[in-house]
Amino acid sequence: TLSRVRLIGQFTAAGAGVPAAAAAADGSAAAAAEPDPDQVAVVESQLSLHPGEVLTERLLLRPAAAGWLRVTGVSWVLAGTAGGYCLFDIKGRRRKRPKGDR
């Protein structure tokens with residue numbers, strides 16, 4: 001059983017310069033302060049999978065204010081005891097002109 005399955009991300013409110021952590025796994029290297037519930041609502045899921053079973057789950061982060069939301073990974077708790085997380089390999093957007101040509 002996977003519980004507390006949720007997205008990890010950063011939220012920067014419009015006009016603010018410092019991003020706030022949107023979610024984090026408990027006790028992990030990616031752990032950061034819990035988000036301000038007034039800024040971002042983190043929707044958690046609970047899943048049970050049988051061997052060889054494939055499941056698609058929609059995970060949500062809901063910002064309550066205007067700003068930038070960047071999803072950086074997912075965290076979970078396995079069998080109520082072991083926490084884990086996976087950070088996404090996010091690359092910057094591709095530009096039409098390379099930096100040296102600008």
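Residues numbered from 1 in each chain as written. Predicted model: local features only at pLDDT ≥ 70, side-chain atom pairs only at ≥ 80, totals over all residues. Heavy atoms only, no water.

Colleague: Go over a nonpolar patch on the surface, please, and point to the residues and values.
Modeller: On the surface, a cluster of nonpolar side chains totalling about 290 Å² of accessible area is made up of L69, V71, F88 and I90. With respect to the secondary-structure elements, F88 resides in the segment after β7 (82–87). By relative accessible area, F88 is classed as partly exposed at 39%. (Patch = residues over 30% accessible without salt bridge, like charges linked within 9 Å, V, L, I, M, F, W, Y side chains within 5 Å. Areas by Shrake-Rupley, 256 points an atom, 1.4 Å probe, with all protein chains shown as cover. Salt bridge = Lys/Arg side-chain N within 4 Å of Asp/Glu carboxyl O. Helix = DSSP H or I, 4+ residues; strand = E, 2+ residues; numbered from the N terminus. Buried < 20%, exposed > 50% of the residue type's maximum accessible area, 1.4 Å probe, protein only.)

Colleague: Could you give an account of the pairing of strand β1 (residues 2–13), naming the residues involved and the relevant values?
Modeller: Note on strand geometry: in a regular strand, side chains alternate between the two faces of the sheet. The pairing of β1 with strand β4 (residues 45–47) spans 2 bridges and is classified as antiparallel. From the neighbouring strand, V5 faces β4, where its bridge partner is S45. The sheet contact formed by β1 and strand β6 (residues 67–78) spans 10 bridges and is antiparallel. Paired with R6 across the two strands is S75, which belongs to β6. (Pairing = 2+ DSSP bridges.)

Colleague: Summarise the environment of R6; cite the residues concerned and give the values.
Modeller: Structurally, R6 is set in strand β1. Sequence separation between R6 and W76 is 70 residues; the distance between their C-alpha atoms is 6.6 Å. A polar contact of 3.3 Å, which involves the side chain of R6, links it to the side chain of E44. (Polar contact = N/O pair within 3.5 Å; in protein donor to acceptor, adjacent residues only side chain to side chain.)

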